[in-house]
Structures are given as structure tokens and as C-alpha cells.
Amino acid sequence: MKDGFLTVAAGTPEIRVADCDYNAGQIVALMREAAGRGVRVLCLPELCVTGYTCGDLFLQTTLLRGAEAALGRILEETAELDMVTAVGLPYRHQGKLYNCAALLHKGRILGLVPKINVPNYTEFYEARWFTSGRELGEADFSVPLCGQQPDFSTGLVFRCESMPELVIGVEICEDLWVADTPSTRLAAGGATLILNLSASDEIVCKDSYRRNLVACTSGRLVCGYVYADAGRGESSTDLIYGGHDLIAENGSVLAQRRFETGLTVSEIDLEKLVHERQRMSTFPAAAPDIYPEYFTLELAETALTRYVAPTPFVPADLGDRAARCREILNLAALGLRKRLEHTHARTAVIGLSGGLDSTLAILIAKTAMDMLDRPASDILAVTMPCYGTTQRTKSNAVLLAEELGATLKTVDIGEAVSVHFRDIGQSMDDHSVTFENGQARERTQVLMDLANKTGGMVIGTGDLSELALGWATYNGDHMSMYAVNVSIPKTLVRHLVAYVRDDVARSQPRLSAVLQDILDTPVSPELLPPEQDGQIAQRTEELVGPYELHDFFLYYVVRWGFRPGKVYRLAVYAFRGRYEPQVILRWLENFYRRFFTQQFKRSCLPDGPKVGTVTLSPRGDWRMPSDAVARLWLDEVNELKKREGIC
């Protein structure tokens, strides 16, 4: 439960139709297993105490009494379990029968929630036996059950006093499949975790529809969703029940299983859901006729088992990655196309260094020119060698421009920079930040002037990761007329270039080969003289840290607002076996320090297209004062260092 994580489970017990006592034993065993695995909220299938397929037996008083007795046994035998469990059973009230979910916790019935949408079509004839909870009206009242007086209402939500982010809402099977789902009102009324007790039959392809429905509902309602389906033991007279259990969070399926009994377990990040809701100004703040019931769970550590991607900006699946790369290239190119059209620019001027960022920029520019039916020669690729330029990057820049058909121009800025250094009294032996930034600003001046001369516009090459760290020279590579890489992090830049490399491997093998060599080149601004053997002396990741770590930090800090302790915990988990905790903490501290001190560079960024959920444009997604203080965040990092014994 620490850091907002809650272990939840969907369970499908193996039952016998109408054998309530046997079913109670199976349910108790499953509940004990779940508690032993650290589960704090468990959802079981619809009518699992009796079996969903009892048919006209539901009208037999003997079955109803057996169901209540079985529930009493479950309450008695699990009274010590600090876990909320949703159990399905029939309940008779004022001469009508209701399909209900009973929420249990430590021997207490927290509440009884009736099904609202009772089907009466095709294979489901529930209306033959059950009445819709809608007939009860919107009232909240108590009813007798197992010697207790639980509230009975369609508007119940269950609030955890010890973990305020946990608010449970319940709907039952068909309630999910209708246009106006009960979960919509429950989520608007504060529910962050929806439990669905279901008995959904299996027919060809229904599983994929069900999976999409659960995932999309969790995304639409910004909630966790636990779906427990009836399975083995239900009658197979006319239908098959496959026990398709699902756990989803905010649009993503975290875990699922089918055609098996037992538990499907994962962790829901409730802090993440609460953050997203507070960020969305359109998410409702309240709903009518919601009645809270309160309970308390003892706070405990939640072990993580869910997958946490070390590269959250890059899809793990190769097929998804290729499709995503193609879409990003097209989105960025569409933005540039519009800007070129609007400004009537005759050229797109790009400083081509032979590095990854400028390579991606020229690939985007080539795509934009293709969209405009303009020749690639309208791209003016400018190489500007100086003191730190190596033969490898210079050669790659030339080859890349030639293979793409761009117009190539080489401007050696060494002499101009030397004159400038003489004017300001900068020694050529002093390789300080002035030595580096003087070259970067000279390059930008050359690009701006060439854009004026050719009636064009300068296309920026800096990426999102560099902006987050402030790894850019103010009014140097920081500035352009349109920045196509501005919302693309470094880890994704690499995959985009690799995607183009693979895409042109057969049709343009020479272009593919130069792209491969660019991918193999160390990331560097090349502002310091090369080593004696001509190799790059200045390696960015040795100075600011691994970009894969910084992109991970960036995603969870900006997109989800996680505090340093949670970001660190997730990073240790995601990068286990690759980075030691002390290494992660070192670069996390560096990330926060640079992120705060370098905001002034982000406050005056040029325009650029947004292609993902994280961007730092001062006009839209990230509005932060340039003089904000990082003390609170760094204090927490220092506490982490003390806890880990790192000086």
C-alpha cells in the first residue's frame, strides 16, 4: 500500500451448481490463498455462492436459505482476514429477488449492492428470476443478512480510511455492457477501483471484445478495474463459462487469465489514478446519490509484480514500436509541413552534425517535403566543423545529406570562433563552458543567417531529454524557428532512426548503412577537441548520466507527478540487474537539480509539434516558474541516500 500501490485479485473458484456449502468452502480457500499472497481487495464471480446457472432453482426458498447460510460460513471462517472481498449471491427483499454483491471485511458485511441491468435476451433470461436494483430507487437503507444490518443500495461506495485513495465501487456483469454504466456514476462519486462480479459466457472472439471493454472502461473512468468471471463448475447445458479474469488500470490490462480457476493478481497504482483525475479538469468532482461506507485496512508494504517498462516512451512490442515510430514521424512531419506552408519558406535549414538528433530532424524534414511534393534539395543541410568535430561524424553528415538528396553546405566555423574568442579575451587553452558555448552560438548564427539568405527557416534539432536536463546552449542549439524534436525523448529518437534504417534497408542500403553508423556513434555535442586517436572526447552520458534513466525519471516526474521516493522505487525495480541503487540515486539527484535550475531555457522555447503525452512547452503542457526551488525534492532524495547508506 506504500506509494499508492494496492494488491488486488480476480478469483474464479471451482464450484458446484446449487451446492452452496461446497461453494462456500471453495470461496474460503480462495480467500485464504489471496490473503497469503498479499491481496487486499478480491473480487469473485457473479452468484458464485449458488452458481450463476441455477435457473428456476433461484425461486426455491431452500436455495436462498442455503446461500445465506453459506455466506455466514464465509464470514465466520475469514473473520481474521484483513481483506475486502466481493462475493456474489441472490438476496430476497420484500418479495423480490436481487442479484447482489456482498462486500465482506473481517467478518463484517460492508454493504449489499444489487445488479441494475438485468438482461432478458438471447441466452440470458435473468429477468425471469431477478429484479433490477433500479426498482429500489436511489435510497440507501439497511436490510437483515446473516445477523447483520448492511446497507442495501445501488449507490454504495466503500472508502478506506487508512488509504484515502482507495474507494471501491461495484457493478455486476451486464452493468458493464450497457450504454450508461453504473460505474460511471460511481467513479464520478469518487470510486477509484471498480469491481465487476460477472458470469460472461464464452463464444468465439468474445474474449477480445470483453478485454477491450474492460480496458477502455478503466481508461474512460480513470480507475482500476477488476473483472471476475464465472468458470469451471457452472452448468454447460447451453453455454460455456471460461473464467476470463481481468485486471486493468487506466486503459491498460495488467493481468488476465482464461479457462482456469484460481487467482489473477496484480497491483493497482491508486496515486497514479488520483493524480490523473486531478489533472483532468473535465473529470467530475461529485455524483448524486452516492452513499459511503467506511472500513480500514492495516497499512503494509505492497510487493511489486506488475511490469514496469524501463523505457516508458518506447513500446516493448516490436510491431507496436514500428507502428508508433511511423506515426511519430508523420505527426512531426505534418507539423513542419504546416509551418513551411504558412511561412512560404523556400528552404528548411538544418545543422547536420552526424549525430542522432540532427539525423532525426532531417528525416522528418524529408518526410515533410515529400508530403508537400517538394524536392529534398529544398532542405539545406549545413555542416559546421570546428575544434571538436571528428572525421566520423563529419563524414556521416555528408553521406546522410547526399543519400537523402538534400543540398549540402559546409561552413568551417573555426576561424570565426577564434576571432570571437580573441574579441572577448577567451584563451584557446581554456576549455570551459565559454569555449563550448561560443561554438554552439556561432553555429546557430550561421544557420539563422543562411535561413535569411535562402528565404528559409531554421529547423531545431534538440530533443525532449536535453530540454529536461537543460543540456543545450542558451541561444545556441536551444534556439530555432521550428523545433521538430521538441517532444521526442532521446530513447525514442534512437528507435525512430533505427526504424528508418530498417525501413530503407533493401531500397536504400547505403542510407541504411550510414544510419547504422550514426546509431553506433557515442552521443556528444563535440565541443571539445578529439582524443589523440581522433575519437570523440566528450561523451554526454558520462557527464549528465544515462539517458534511459533520465527519460524514466522524466516520464514519472512530469507525466504522473510522482515524488522522488516513488520514482526511485520504480527505477530500482525496472532497472534491477542493470543499475545499482546508488547509481540510480546519483542520477536522480542530478535530474532534479538540473530540471529545476534549467527551467529558464524551457520558458522561451520555439514552437514545435507535440507527439506524445509528455512535453515541456511553456505554452501548453508545462508551466513552471523559472525561479522555482528544488529543495523539497532534493531533501527527499537526501533522505533516500541516508536510508540507503549512500553518502
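Residues numbered from 1 in each chain as written. Predicted model: local features only at pLDDT ≥ 70, side-chain atom pairs only at ≥ 80, totals over all residues. Heavy atoms only, no water.

Novice: Can you lay out the overall build of the chain for me, pointing to particular residues and giving the numbers?
Specialist: Scanning the chain from N- to C-terminus turns up 20 helices and 20 strands. For the C-alpha atoms alone, the extent of the chain along its principal axes is close to 100 × 55 × 40 Å. Counting every position in the chain, which comprises 647 residues, the buried fraction comes to 57%. Look at the contacts in the chain between residues 6 or more apart in sequence, and 74% of them connect residues 24 or more apart. In the form shown here, the chain has an accessible surface area of approximately 26,500 Å², with 49% of it arising from carbon and sulfur atoms. Placing the 67 positive and 82 negative side-chain charges of the chain at their respective mean positions leaves the two points 3 Å apart. (Helix = DSSP H or I, 4+ residues; strand = E, 2+ residues; numbered from the N terminus. Buried < 20%, exposed > 50% of the residue type's maximum accessible area, 1.4 Å probe, protein only. Contact = heavy atoms within 4.5 Å. Areas by Shrake-Rupley, 256 points an atom, 1.4 Å probe, with all protein chains shown as cover. Lys, Arg positive; Asp, Glu negative; His and termini not counted. Charge placed at Lys NZ, Arg CZ, Asp CG, Glu CD.)

Novice: A description of unusual backbone geometry should follow, citing residues and the corresponding values.
Specialist: We note that Cys173 has phi near 40°; this positive angle belongs to a residue other than glycine. Position of Cys173 among the secondary structure elements: in the loop between β9 (167-172) and α3 (174-177). Among the residues examined, Cys173 registers a relative accessible area of 7% and is labelled buried. Of note, Phe259 is a non-glycine position whose phi angle comes to about 65°, a positive value. Assignment of secondary structure puts Phe259 in the loop between β13 (252-257) and β14 (262-269).

Novice: Quick rundown of the packing of aromatic side chains? Include the residues and the values.
Specialist: What the rule picks out here adds up to 21 aromatic pairs. Taking 5.4 Å as the distance between ring centres and 70° as the angle between the ring planes, the aromatic pair formed by Phe552 and Phe575 counts as edge-to-face. One end of the pair, Phe552, is in helix α16 (residues 547-559); the other, Phe575, is in the loop between α17 (564-574) and α18 (581-597), and 23 residues separate them in sequence. Judged by relative accessible area, which is 0%, Phe575 ranks as buried. The ring of Trp560 has Arg559 sitting right over it, with the charged end atom 4.0 Å from the ring centre. (Phe/Tyr/Trp six-rings, centres within 6.5 Å; stacked < 30°, edge-to-face > 60°. Lys NZ or Arg CZ within 6 Å of the ring centre and 35° of its normal.)

Novice: I'd love a proper account of the sheet that holds strand β18 (residues 407-410), names of residues and values included.
Specialist: Pairing within the open sheet is parallel, and its five strands lie in the order β18-β17-β16-β19-β20. Looking at strand neighbours, the two that pair on one side only are β18 and β20 (482-483), the edges of this open sheet. Relative to β18, strand β17 (residues 379-383) runs parallel, the two being bridged by four bridges. In the sheet register, Leu380 faces β18, and the bridge partner there is Thr407. Packing against the sheet, helix α8 (residues 356-371) makes contact with β16 (348-351), β17 and β19 (457-460), and its axis sits at approximately 165° to β16. Those strands touched by helix α11 (residues 433-454) are β16, β17, β18 and β19, and its axis lies near 160° from that of β16. (Pairing = 2+ DSSP bridges. Axes fitted to C-alpha atoms, helices over the stretch in contact; angles between N-to-C directions.)

Novice: Can you explain the sheet that holds strand β8 (residues 156-160)? Please cite residues and give values.
Specialist: The strand order across the open sheet built from seven strands is β13-β12-β11-β10-β9-β8-β15, with neighbouring strands paired in mixed fashion. The open sheet has two edge strands, β13 and β15 (291-295), and neither has a second partner. Put simply, the sheet's adjacent strands are angled 20° from each other on average, direction ignored. This element, helix α5 (residues 206-220), spans β11 (224-229), β12 (245-249) and β13 of the sheet and lies at about 30° to β12.

Novice: How would you explain the pattern of salt bridges if you had to name every residue and give the values?
Specialist: Per the counting criterion, the structure on display carries 43 salt bridges. Its salt-bridge partner being Asp207, residue Arg258 comes within 3.4 Å of it at the nearest N-O pair. Of this pair, Arg258 sits in the loop between β13 and β14 while Asp207 sits in helix α5, and the two are 51 residues apart along the sequence. The buried category is assigned to Asp207, whose relative accessible area is 16%. In this structure, the salt-bridge partner of Glu276 is Arg279, at a minimum N-O distance of 3.0 Å. (Salt bridge = Lys/Arg side-chain N within 4 Å of Asp/Glu carboxyl O.)

Novice: Which residues make up the packing of helix α7 (residues 318-343) against α8, and what values do they have?
Specialist: Packed helices, taken two at a time, are described by the angle their axes make and the gap between the axes. Remark: α7 packs on α8, axes separated minimally by 8 Å, with the N-to-C direction vectors making an angle of 65°. Note on packing geometry: the crossing formed by α7 with α8 is right-handed. Counting all contacts with α7, which are made through Leu329, Asn330, Ala332, Ala333, Leu334, Leu336, Arg337 and Leu340, the residues of α8 involved are Leu360, Ile364, Ala365, Thr367, Ala368, Met369 and Met371. Tallied by class, the residues present in the contact of α7 with α8 amount to 12 nonpolar, two polar and one charged. (Left-handed = near helix turned anticlockwise from the far one by under 90°. Nonpolar A, V, L, I, M, F, W, Y, C, P; charged D, E, K, R; others polar.)

Novice: Run through the pairing of β13, naming residues and quoting values.
Specialist: For β12 and β13, the ladder comprises five bridges, and the chain directions are antiparallel. By the bridge assignment, Ala248 is partnered in β13 with Val253. Hairpin connection, β12 to β13: the antiparallel pair is bridged by two residues, and Asn250 has positive phi, about 50°.

Novice: Residue-level account of α17, with values.
Specialist: For α17, the buried fraction is high: 10 of the 11 residues fall into the buried class. Within the sequence span of α17, burial applies to Pro564, Gly565, Lys566, Val567, Tyr568, Arg569, Leu570, Ala571, Tyr573 and Ala574. Elements that come into contact with the buried residues of α17 comprise β1 (5-12), β14, α6 (270-279), α16, α18 and α20 (631-644).

Novice: Can you tell me about the packing of α18 against α20, naming the residues and giving the values?
Specialist: Remark: α18 packs on α20, axes separated minimally by 10 Å, with the N-to-C direction vectors making an angle of 170°. Our classification of the angle between α18 and α20 gives roughly antiparallel. When α18 is examined against α20, the residues Leu585, Leu588, Glu589, Tyr592, Arg593 and Phe596 are found in contact with a partner set consisting of Trp633, Leu634, Val637, Asn638, Leu640, Lys641 and Glu644. Residues of the contact of α18 with α20, tallied by class, amount to eight nonpolar, one polar and four charged. (Parallel < 35°, antiparallel > 145°, perpendicular 65-115°, else oblique.)

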